[in-house]
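For reference, the chains in residue letters:
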Amino acid sequence: MATDERLTAPRRRVLQLLLQADGPLKAYDLIAAYGETGEPAKPPTVYRALDFLERLGFAHRIESLNAFVPCRLDGENHAAAFLICSCCGAAEEFEPDFAPGRLAAEAKGYRVTSVTLEARGLCPTCQTG
Ligand SMILES: [Zn+2]
Ligand SMILES: [Zn+2]
C-alpha cells in the first residue's frame, strides 16, 4: 500500500510518521516532526495530506482525541472502530459490524458515507497495572 502511486511525497511522509508512532498523533505533532532534518512542515501540506489519507482509508481521524492513526486493516473506506484506553492512550482499531446500523439509517432515508465508532475503557495492560 505504501507504493500506491497516489501517495505523493508529502502524503507518504505523513503516513510514514503515523505508522512509526506508538499512538495517535495530532496534526500539530505531524507538522513538527515532518522534516527529516528537523524543520517543521507548512501546516497546509500536512492538513492536505491528512485529508487525502483519511479520504482514501489510509488513515483515520479519532474525533474525541482530535488525532490521527494509520489504518491497520485493509480495505478502503471501511467503517472504523477504535478501542481507546483512557489510562495510557492506546488506540486499537477493529472493524465493527455496522450492518444493522446501516439498515436502520437507510430505513430513515439516510445514505451513510462513513462510520467511526470510538469506545473508551481500559486496555488489558492497564487493567492489570
Ligand atoms: Zn482502518
Ligand atoms: Zn492502557
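Conventions and cut-offs
Residues numbered from 1 in each chain as written. Chains lettered and ligands numbered in written order. Predicted model: local features only at pLDDT ≥ 70, side-chain atom pairs only at ≥ 80, totals over all residues. Heavy atoms only, no water. 1 Å grid on protein atoms, 1.4 Å probe; cavity = no way out; pocket = protein on both sides within 12 Å on 5 of 7 lines; lining within 4 Å. Points joined across faces, edges and corners; volume = space filled by probe spheres on them. Helix = DSSP H or I, 4+ residues; strand = E, 2+ residues; numbered from the N terminus. Nonpolar A, V, L, I, M, F, W, Y, C, P; charged D, E, K, R; others polar. Domains from an automatic or database assignment. Contact = heavy atoms within 4.5 Å. Buried area = accessible area lost by both parts, 1.4 Å probe. Salt bridge = Lys/Arg side-chain N within 4 Å of Asp/Glu carboxyl O. Pairing = 2+ DSSP bridges. Axes fitted to C-alpha atoms, helices over the stretch in contact; angles between N-to-C directions. Expected span 1.5 Å × (residues − 1). Buried < 20%, exposed > 50% of the residue type's maximum accessible area, 1.4 Å probe, protein only. Arc of directions from axis to C-beta.

1. Notes on the layout of surface pockets
The gaps of empty space that remain are located by a probe, the size of a water molecule, rolled over the atoms. The volume enclosed by the largest pocket comes to roughly 280 Å³. Lining the largest pocket we find 17 residues, and of these H60, H78, S114, V115 and T116 sit closest to its centre. Looking at the lining of the largest pocket, the elements with two or more residues in it are α3 (43-55) and β1 (59-62). Of the residues that constitute the lining of the largest pocket, the class distribution is five nonpolar, seven polar and five charged. Taken as a whole, the second largest pocket spans an internal volume of roughly 160 Å³. Lining of the second largest pocket is provided by L83, I84, C85, A90, A91, E92, A119, R120, G121, L122, C123 and P124. Mapped by element, the contributors of at least two residues to the lining of the second largest pocket are β3 (80-85), β4 (91-94) and β5 (116-121). Class assignment of the residues belonging to the lining of the second largest pocket gives a composition of nine nonpolar, one polar and two charged.

2. Focus on the domain arrangement of the chain
On domain assignment, one finds that the chain holds domain 1 (9-70) and domain 2 (80-128). Across the contact, nine residues belong to domain 1 and nine residues belong to domain 2. Summing the contributions of domain 1 and of domain 2, the shared interface buries around 620 Å²; its carbon and sulfur component is 59%. When the buried area of domain 1 at its contact with domain 2 is split by residue, H60, I62 and S64 rank highest and sum to 54% of it. If you look at where domain 1 meets domain 2, you find zero salt bridges.

3. Topic: the sheet that holds β4
Within a sheet, each strand pairs with its neighbour through backbone hydrogen bonds, oriented either parallel or antiparallel. Read across the open sheet, the three strands follow the order β4-β3-β5; overall the sheet is mixed. If you trace the sheet from one side to the other, it starts and ends with β4 and β5, each paired once. For this sheet the average axis-to-axis angle between neighbouring strands, irrespective of direction, equals 25 degrees. Across six bridges, β3 lies against β5 in parallel orientation. What sits directly across from A81, in β5, is L117.

4. A short note on α3
Taking 1.5 Å per residue as the helical rise, α3 with its 13 residues ought to reach 18 Å, and the 18 Å between its terminal C-alpha atoms agrees with that figure. Those residues of α3 that sit buried are V46, A49, L50, F52 and L53. Buried residues of α3, seen end-on, are gathered within an arc of 165 degrees and therefore sit on one face of the element. Facing away from the buried side of α3 by more than 90 degrees, the exposed set consists of R48 and R55. Close packing links the buried residues of α3 with α1 (9-20), α2 (27-33), β1 and β2 (67-70).

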